[in-house]
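Remarks on the overall topology
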Amino acid sequence: MRRIYGLACCALAACVLVGAAQAQPRRDHYEHHEHYEHMDGRYAHNHYYPSRGYVAPVLPRGYITVDHFHDHYYYSGGIWYRPYGGRFVVIAPPLGVFVPVLPPFYTTVWFGGIPYYYANDSYYVWRASDNQYEVVEPPDGSGDSASTQAPPSDDVFIYPKNGQSEDQQSTDRYECHSWASGQSGFDPTKAGGGVAPQDANSKRADYNRAMTACLEGRGYSVK
């Protein structure tokens with residue numbers, strides 16, 4: 001009788017432990033463990049990621065394969081992997097690599113009026129010419145001068161008068177931007193417009209006039 005009672009107690013304890021383990025919250029499909037997970041709190045990002053150097057037995061679902069020069073990488077949810085034997089090690093992404101989508105959780109930070117997208121100690125910028133996001137260094141080398149507050153906008157609002165599609169509008173805007181930058185010497189996607197501070201206001205006005213003329217010539221109303 002005592003033996004049966006002891007076995008029943010052991011079984012009950014095991015069930016309690018299993019239930020407790022299953023009830024533990026998960027973050028990003030990784031159980032919390034101080035040896036392989038960290039919380040990225042920079043810019044109040046406040047999101048959990050597996051630490052670099054952690055070796056995963058399998059890749060998560062929905063990963064993207066990224067080729068960079070002669071190397072193969074795997075990207076999922078802002079986490080980067082490379083092959084490690086028969087498993088996969090978490091790494092820092094190589095600078096200059098391109099991805100088609102941002103991580104599902106990211107924080108927008110601004111350097112000199114330009115938006116950067118931050119997640120898991122990495123910075124991404126949009127490259128219209130490649131139609132993808134590039135992994136880059138923060139312009140000041142550390143990211144400490146970034147701001148999460150957007151600067152005053154110099155956006156040009158265009159209204160298609162000839163039924164131009166969204167794709168056509170994007171193409172026209174980009175081509176007019178390139179032309180206006182070449183005409184004025186001012187590029188609003190660069191810190192300070194890429195000109196001396198004392199020339200910024202006049203060069204910005206030249207850029208805006210050139211941009212407006214180009215877009216109006218392509219059948220848009222510009223505000």
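The coordinates are above.
Predicted model only: the values in this text are computed from it and were never measured.

This brings us to the packing of helix α2 (residues 166-184) against helix α3 (residues 200-217). Packing of α2 against α3 brings their axes to within 8 Å, and their N-to-C directions diverge by 140 degrees. The angle between α2 and α3 falls in the class oblique. For the crossing formed where α2 meets α3, the hand is right-handed. Contacts between α2 and α3 involve Asp172, Arg173, Cys176, His177, Trp179, Ala180, Ser181, Gln183 and Ser184 from the first element and Lys203, Asp206, Tyr207, Ala210, Met211, Cys214 and Leu215 from the second.

Here we take up the packing of aromatic side chains. One pass over the full model with this rule turns up 10 aromatic pairs. Here Tyr43 and Tyr123 contribute two aromatic rings whose centre-to-centre distance is 6.4 Å and whose plane-to-plane angle is 80 degrees, an arrangement assigned as edge-to-face. A residue pair is termed long-range when its members are at least 10 positions apart, and Tyr43 in the loop between β3 (37-40) and β4 (47-50) and Tyr123 in strand β13 (residues 122-127) qualify at 80 residues. With respect to class, Tyr43 is no different from Tyr123; both count as buried. Arranged with centres 5.6 Å apart and planes meeting at 85 degrees, the rings of Tyr63 and Tyr74 form a pair that is edge-to-face. Residue Tyr63 is found in the loop between β5 (55-56) and β6 (64-68), and its partner Tyr74 is found in strand β7 (residues 71-76); the two are separated by 11 residues along the sequence. Looking at Tyr63, the relative accessible area reads 38%, which means it is partly exposed.

With that settled, the discussion passes to the sheet that holds β5. Read across the sheet, five strands follow the order β5-β9-β8-β7-β6 without closing on themselves; strand pairing throughout is antiparallel. Edge strands, defined here as strands with exactly one partner in the open sheet, are β5 and β6. Alignment of β6 against β7, held across five bridges, turns out to be antiparallel. Looking across to β7, one finds that Thr65 is bridged to Tyr74.

What counts and how
Residues numbered from 1 in each chain as written. Predicted model: local features only at pLDDT ≥ 70, side-chain atom pairs only at ≥ 80, totals over all residues. Heavy atoms only, no water. Axes fitted to C-alpha atoms, helices over the stretch in contact; angles between N-to-C directions. Helix = DSSP H or I, 4+ residues; strand = E, 2+ residues; numbered from the N terminus. Parallel < 35°, antiparallel > 145°, perpendicular 65-115°, else oblique. Left-handed = near helix turned anticlockwise from the far one by under 90°. Contact = heavy atoms within 4.5 Å. Phe/Tyr/Trp six-rings, centres within 6.5 Å; stacked < 30°, edge-to-face > 60°. Buried < 20%, exposed > 50% of the residue type's maximum accessible area, 1.4 Å probe, protein only. Pairing = 2+ DSSP bridges.

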